[in-house]
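Observations on the three-dimensional arrangement
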Amino acid sequence: MAGSGNAHLRSDALLRAQDLVVEFPAAGGRKVYAVSGVSLDLMEGETLGLVGESGCGKSTTGRAILQLPSPTSGSVQVAGQELTELDPDAMREVRPRLQMIYQDPISSLNPRRRVRDIIAEPLFIALENVTRRTAMATWQERIGGLLQTLLERLAIPMRIVGLAASVAFALWILSEAVEERAAEPWLGWTEVPAAIIGFPALAIALAVAAVGLVLGLTWVLLALMLPFSLMSRQFGEVSAPVGIAGVVVTTGASGFMLWRTWSSFGGWAKWVNSGGLGLLTAVLVVWLAASIANPERAGASGVATTLSAMVVLQVFYVAGLDAGVKLIVLVVSIVVDTLLLRWVLRRYRANRNAARERAEPRVREVLEYVGINPDDAMDRRPWEFSGGQAQRLSIARALVSVPQVIICDEPVSSLDVSVQAQILNLLEDLKNLMGLTLVFIAHDLAVVKNVSDRVAVMYLGKLCEVSEPDAMFDEPAHPYTEMLLAAIPQPDPEAELGSGRIDGELPSPMDPPSGCRFRTRCPHAAQRCADEEPEMREIAPGRFVACHTPLIGETAPERVEIASAGRGAS
Amino acid sequence: MTDTSMTGFAGADEQPLLDVADLRTTFHTAVGPLVAVDGVDWSLRPGARLGVVGESGSGKSVMSRSIMRLLPKSRVTSTGSVLFDGIDMMSLGRRELLDMWGPQLAMVFQDPLGSLNPVMKIGKQVGEGLRVHRDLSARAARAAALDLLEEVGIPEPHRRIDEYPHQLSGGMRQRIVIAIALACSPRLLIADEPTTALDVTVQAQILDLLETQRAERDMSLVLITHDLGVVAGRTDEVIVMYAGRIVERAPTATLFGNMRMPYTEALFRSIPKVTDDSHARLEIIGGQPPRMTDLPTGCKFAPRCKYAQELCVAEEPALIEAPAAADSNDGGARRRGTWRDDDLDDDDNDGGAPAGAHLYRCFYPVGTPEAAEAFERNVASGRVSEAGVVIRAS
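Analysis parameters
- Residues numbered from 1 in each chain as written.
- Chains lettered and ligands numbered in written order.
- Predicted model: local features only at pLDDT ≥ 70, side-chain atom pairs only at ≥ 80, totals over all residues.
- Heavy atoms only, no water.
- Helix = DSSP H or I, 4+ residues; strand = E, 2+ residues; numbered from the N terminus.
- Buried < 20%, exposed > 50% of the residue type's maximum accessible area, 1.4 Å probe, protein only.
- Contact = heavy atoms within 4.5 Å.
- Areas by Shrake-Rupley, 256 points an atom, 1.4 Å probe, with all protein chains shown as cover.
- pLDDT = per-residue confidence, 0-100.
- Pairing = 2+ DSSP bridges.
- Axes fitted to C-alpha atoms, helices over the stretch in contact; angles between N-to-C directions.
- Salt bridge = Lys/Arg side-chain N within 4 Å of Asp/Glu carboxyl O.
- Buried area = accessible area lost by both parts, 1.4 Å probe.
- Polar contact = N/O pair within 3.5 Å; in protein donor to acceptor, adjacent residues only side chain to side chain.
- Nonpolar A, V, L, I, M, F, W, Y, C, P; charged D, E, K, R; others polar.
- Expected span 1.5 Å × (residues − 1).
- Core = buried A, V, L, I, M, F, W, Y, C linked by side-chain atoms within 4.5 Å.
- Parallel < 35°, antiparallel > 145°, perpendicular 65-115°, else oblique.
- Left-handed = near helix turned anticlockwise from the far one by under 90°.

**Structural notes on the overall build of chain B**
Across its full length, chain B carries 13 helices and twelve strands. The 394 residues of chain B split such that 56% are buried. Once local pairs closer than 6 in sequence are excluded, the contacts in chain B between residues at least 24 apart make up 68%. Summing over all exposed atoms, chain B offers an accessible surface of approximately 16,100 Å²; the carbon and sulfur share of this is 52%.

Pasting the structure below:
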């Protein structure tokens with residue numbers, strides 16, 4: 001078992017994952033072979049059960065289908081569209097069609113948000129993508145869209161740079177710069193209004209910034225970026241000495257560059273006063289513009305952070321003024337800043353409320369589908385719900401964007417039996433109602449049998465058996481399937497216990513066995529199993545097995561070693 | 001199933017190892033008293049296996065912690081009596097309890113990673129109890145720990161003994177927790193959801209391990225779980241708990257062969273079974289478990305029960321004993337893994353009459369004509385659907 005091959009794939013499937021390989025780097029330059037050549041397909045409206053022990057790679061397979069992360073190699077096609085080659089933007093457009101339900105409902109729902117916002121979130125993201133696509137009609141709008149994208153992209157780096165810069169400059173240079181400035185004030189009358197409104201216009205900032213300063217800043221940015229880019233980019237795949245050497249070299253180089261920048265301006269205080277201040281302000285202005293352009297993304301707290309950073313900067317602007325003027329400037333600017341903040345927040349809230357209102361009917365609809373009363377639930381938070389109800393909320397969140405495929409990753413494993421039954425029935429109802437296509441990942445075969453139209457058994461990153469559930473459970477073809485079946489506890493005191501037949505543990509996925517990966521625990525393992533990897537083949541109509549000695553057919557070994565414990569009906 | 005004919009119910013002639021009488025544990029919460037365990041009575045014969053089944057919040061874990069005296073002192077009170085081999089656990093002080101934990105009673109918890117010390121080597125954790133209770137030297141404790149690791153089926157114990165818990169898989173960690181619990185050869189082992197966090201295959205291994213160790217050491221075992229499948233083949237007697245009360249108690253074969261409490265029946269029917277066809281509709285228990293601070297007045301299960309009548313809502317039924325004649329064990333006659341109402345009608349007594357009483361808490365026990373009538377009435381009044389799911393609470 002546990003082999004490769006694509007014999008079980010069908011044509012015209014809605015989802016087709018072929019030869020998926022997922023490998024993770026591990027310590028000491030080794031690799032974790034999490035998924036090694038798994039092929040799956042799903043017809044529209046079908047439920048595929050994916051079973052195996054923990055660590056067999058079933059969750060990784062589910063995530064690889066959703067490109068979370070993208071598989072190391074292999075292809076994933078949904079309705080003919082290849083997902084592995086999509087760029088992040090195009091992938092984001094596909095995401096509303098592919099959803100996921102996680103094992104632990106409580107931790108997969110943000111405890112600080114209300115149910116209505118959690119459920120509506122996929123809608124906002126989907127809508128945003130739709131509006132952006134349609135907004136590209138004219139060239140003006142195209143430029144507007146580009147600018148917006150640029151500003152959005154800049155939002156997070158700008159925030160980091162802005163915060164780091166304000167803290168560093170405030171703590172380290174504040175006294176020095178203010179002192180020098182007080183001794184030699186050069187703030188002209190043109191700069192007073194700029195100081196009053198809290199941030200000078202971009203043009204003033206650019207005018208103040210000399211060519212040399214721009215150059216200097218480039219040096220600084222380069223110096224800051226280099227070690228980061230080296231560290232973040234596949235540091236895991238470089239061996240330790242090389243990595244450390246790289247960090248030492250780049251840190252040294254950036255230290256040297258910083259020192260050159262410092263000396264070319266004769267000290268940081270001079271740099272600040274000769275235009276660095278303007279540039280810093282410019283950075284904050286751009287960022288503030290970005291947050292106002294898209295308040296949902298920046299968030300109210302982000303806007304507030306920028307404004308407070310600007311207040312810190314004002315200290316520099318007013319340092320050289322007379323005491324009386326200084327007071328007026330400060331008071332006026334605090335008033336202006338507060339008004340500005342209020343305006344931004346109001347705009348932010350108005351946008352949010354409008355979006356909420358647009359989404360509300362749809363949110364109500366899905367909540368009703370999953371059996372939760374919208375009037376009671378909409379304004380509560382996830383932790384106020386029991387596990388079963390929270391799992392219903394997760395299902396509602398997955399349903400809201402009308403997905404084509406939902407990947408359910410152990411959705412009932414952490415629930416009580418009675419609640420588990422409710423969720424399983426709910427999934428079945430929704431499937432009939434909406435024609436959902438599901439991948440159902442679980443380790444409990446009874447649960448998988450209940451929901452699935454087709455079952456795939458996984459072992460250590462490979463597929464063992466793919467078949468219809470009823471046939472598979474009556475007569476497992478793979479020794480591993482049989483072992484899993486024997487392990488199920490039967491609610492029947494007279495059922496024979498599978499005692500003593502379930503031996504061993506999953507081998508390490510860093511060092512998988514040669515040939516068939518199950519051979520180390522397989523009662524029928526022979527020399528051939530170690531030498532040759534079994535390919536997936538059809539041994540009976542609709543029954544695909546990757547095993548040299550399948551348990552059904554002429555060549556079947558006697559079914560003695562693993563007794564059919566627990567399979568009462570067979 | 002080595003000794004199915006014996007049961008966990010202590011006979012009159014035998015001194016029970018553990019006798020729990022009228023145990024009541026109350027949490028004093030901000031919204032008022034929460035009675036998590038409400039008047040629980042049971043006893044356990046030496047060497048017997050008891051299963052405790054219930055949903056989350058049914059009080060099964062609080063009950064086990066009350067017996068072990070593991071609950072915090074502040075804002076929690078336990079009353080009633082817990083006699084362990086004649087010793088009143090409730091009257092023991094901290095020092096005396098420390099002498100009890102380990103050599104007398106031990107516990108295995110659900111989350112193996114949470115119950116192991118992450119910064120202490122496994123060997124030391126396993127040997128710790130031996131050093132305290134048996135006054136063993138470090139060397140002797142290590143040798144004993146090595147034996148224990150081998151007994152609980154840890155491969156390469158010589159290497160594993162010097163590893164830390166995070167280096168082991170979930171199943172291996174649970175084996176370590178079991179080794180720690182077994183170290184001082186306790187006379188009673190309470191396993192609180194020992195396999196809930198584990199895979200089916202590992203679950204089977206751990207349950208087998210508990211059973212072999214119990215048989216070898218002649219230890220008593222209390223197996224707490226929410227899964228009826230886990231207790232079915234591995235216990236002599238089963239207690240079903242709901243809202244802090246025992247709602248049904250019977251020898252295992254009797255319970256599965258002849259359920260009387262509607263809650264047990266509903267719990268049993270909600271389990272997906274491999275023997276069912278795929279896409280078989282699961283029978284669910286409608287509604288939610290009751291809020292423990294705001295319990296209904298009558299039978300606590302009545303709002304979710306398909307048989308419930310006015311009487312059930314008004315008055316709480318007592319725990320009564322089933323008449324022996326109706327309590328036939330017809331397990332051999334019925335199909336494995338399935339349970340049908342008509343099984344109750346054929347009164348063949350060939351199954352070996354079990355010792356131990358069958359207690360339940362219901363006015364309309366499952367399988368009686370009264371229950372069938374009650375169900376009919378509920379369907380007619382629209383309270384319950386044809387499939388037996390409560391549509392509106394009474």
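Picking up where we left off.
**As for the overall build of chain A**
Of regular secondary structure, chain A possesses 20 helices and twelve strands. Within the span of chain A, comprising 570 residues, buried residues form 49% of the whole. Long-range contacts, defined as pairs at least 24 residues apart, comprise 72% of the intrachain contacts of chain A with a sequence gap of at least 6. Element-wise, carbon and sulfur atoms account for 61% of the exposed surface of chain A, whose accessible area totals about 25,700 Å².

**A word on the confidence of the model for chain A**
Residue and element names in this part refer to chain A. Across chain A, pLDDT averages 72, with 56% of residues at or above 70. Here residues 132-141 is a poorly scored stretch, pLDDT under 50, and it has seven contacts once near neighbours within four places are set aside; other chains count. The low-confidence segment residues 188-220, where pLDDT is below 50, has 48 contacts with residues more than four positions distant or belonging to other chains.

**Here's the deal with the sheet that holds strand β12 (residues 543-545) of chain A**
Residue and element names in this part refer to chain A. Strand order in the open sheet made by the eight strands is β6-β7-β8-β3-β9-β10-β12-β11, with mixed pairing throughout. Since the sheet does not close on itself, it has two edges, and those belong to β6 (98-101) and β11 (537-540), each with one partner. With direction set aside, neighbouring strand axes in the sheet form an average angle of 25 degrees. Note: strand β3 (residues 47-51) against strand β9 (residues 454-459), four bridges, orientation parallel. Bridge pairing in β9 links glycine 49 to valine 455. Most of the contacts of helix α15 (residues 387-399) go to β6, to which it runs at about 175 degrees, and overall it touches β6 and β7 (405-409).

**Details of the confidence of the model for chain B**
Residue and element names in this part refer to chain B. Looking at chain B as a whole, the pLDDT averages 84, with 88% of positions reaching at least 70. Confidence over residues 1-12 falls short of pLDDT 50; this stretch has 30 contacts with residues more than four positions distant or in other chains. Every residue in residues 325-355 scores below 50 in pLDDT, and together they form 58 contacts with partners more than four places removed in sequence or on other chains.

**Topic: the side chain of threonine 47 of chain A**
Residues and elements named next belong to chain A. Residue position: threonine 47 is located in strand β3. Judged by its relative accessible area of 0%, threonine 47 is buried. With sequence-adjacent residues up to four places away left out, threonine 47 is seen in contact with Lys431, Leu438, Phe440, Val451, Ser452, Asp453 and Arg454.

**A look at the environment of leucine 149 of chain B**
All names here are of chain B. Topologically, leucine 149 is positioned in helix α5 (residues 138-151). For leucine 149, a relative accessible area of 0% corresponds to the buried category. For the pair leucine 149 and isoleucine 178, spaced 29 residues apart in sequence, the C-alpha to C-alpha distance is 9.4 Å. Leucine 149 has contacts with Ile122, Val126, Ile154, Pro157, Ile161 and Ile176, leaving out every residue within four places of it along the chain.

**Things to note about the pattern of salt bridges**
Residue and element names in this part refer to chain B. Counted according to the given criterion, the structure contains 42 salt bridges over all chains. Across the pair arginine 24 and aspartate 22 runs a salt bridge, and its minimum N-O distance is 3.0 Å. Assessed through its relative accessible area of 30%, arginine 24 is described here as partly exposed. What makes aspartate 22 partly exposed here is its relative accessible area of 37%. Residues joined by salt bridges that share partners form a network here, namely Asp22, Arg24, Asp38, Arg245, Lys300, Glu316 and Arg361.

**Things to note about the interface of chain A and chain B**
Each side of the interface is counted separately: chain A has 52 residues, and chain B has 51 residues. Taking both partners together, chain A and chain B bury about 4,300 Å²; carbon and sulfur atoms supply 53% of that area. On the surface where chain A and chain B come into contact, there are one salt bridge. In this structure, aspartate 429 of chain A engages arginine 281 of chain B in a salt bridge whose closest nitrogen and oxygen atoms are separated by 2.8 Å. Viewed at the interface, chain B and chain A are joined by 16 residue pairs in polar contact (both at pLDDT 80 or more). Looking at which element gives the most residues to the side of chain A that touches chain B, the answer is helix α16 (residues 417-434) of chain A, with ten residues. Here the side of chain A that touches chain B is composed, by residue class, of 22 nonpolar, 17 polar and 13 charged.

**Some thoughts on the environment of glycine 388 of chain A**
Residues and elements named next belong to chain A. Along the polypeptide, glycine 388 turns up in helix α15. A residue is classified by how much of its surface remains accessible, and glycine 388, at 8% relative accessible area, is buried. Other than its neighbours up to four places away in sequence, glycine 388 contacts Leu415, Val419 and Ile423.

**What to know about α5 of chain B**
Residue and element names in this part refer to chain B. For α5, with 14 residues, the first-to-last C-alpha span of 20 Å sits near the 20 Å given by 1.5 Å per residue. Buried-residue contacts for α5 involve α4 (122-134), α6 (157-160), α7 (170-182) and α8 (200-217). Just downstream of α5 lies glycine 153, where phi reads positive at about 80 degrees.

**Quick notes on the nonpolar core**
Residues Trp42 and Ile67 of chain B are the most contacted members of the largest nonpolar core, which totals 73 residues. The greatest single-element share of this core, amounting to six residues, is contributed by strand β2 (residues 32-44) of chain B. Beyond its immediate stretch of four places on either side in the chain, isoleucine 67 of chain B contacts Leu18, Val20, Leu23, Trp42, Val82, Met89, Leu105 and Ile190 of chain B. One finds Ile101, Ala120, Leu399 and Leu427 of chain A within the second-largest nonpolar core, a separate group that totals 65 residues.

**Points about unusual backbone geometry**
With an omega of 0 degrees, the peptide bond between leucine 68 of chain A and proline 69 of chain A qualifies as cis. Position of proline 69 of chain A relative to the elements: it lies in the loop between α1 (58-65) and β4 (73-78). One non-glycine residue with positive phi stands out, namely histidine 279 of chain B, at about 65 degrees. Positionally, histidine 279 of chain B belongs in the loop between α11 (262-269) and α12 (310-314).

**Points about the pairing of strand β1 (residues 15-25) of chain A**
Residue and element names in this part refer to chain A. Pairing of β1 with strand β2 (residues 31-42), which is carried by nine bridges, proceeds in the antiparallel orientation. Its bridge partner lying in β2, valine 22 is registered against valine 35. Taken together, β1 and the strand that follows it, β2, pair antiparallel across an intervening segment of five residues, in which glycine 28 is found at a positive phi of about 70 degrees. With five bridges joining them, β1 and β4 adopt antiparallel strand pairing. Bridging from a neighbouring strand, arginine 16 pairs with glutamine 77 of β4.

**Here we look at the packing of α7 of chain B against α8 of chain B**
Residue and element names in this part refer to chain B. The interhelical angle for the contact between α7 and α8, taken along N-to-C directions, is 15 degrees, at an axis separation of 10 Å. Between α7 and α8, the angle is such that the two are roughly parallel. Seen along the crossing, α7 lies across α8 with a hand that is right-handed. Across the interface between the two elements, Gly171, Gln174, Arg175, Ile178 and Leu182 from α7 touch Val202, Gln205, Ile206, Leu209, Leu210, Gln213 and Arg217 from α8. Its residues placed into classes, the contact of α7 with α8 shows six nonpolar, four polar and two charged.

**Quick look at the side chain of glutamate 465 of chain A**
Residue and element names in this part refer to chain A. Tracing the backbone through its elements, the reader meets glutamate 465 in strand β10 (residues 462-467). There is a polar contact of 3.2 Å between the side chain of glutamate 465 and the backbone nitrogen of alanine 477. Here the side chain of glutamate 465 touches histidine 478 through a polar contact of 3.0 Å, landing on its backbone nitrogen. If near-sequence neighbours (up to four positions away) are discounted, glutamate 465 is found in contact with Val455, Ala456, Val457, Met472, Pro476, Ala477, His478, Thr481, Met536, Arg543, Phe544 and Val545.

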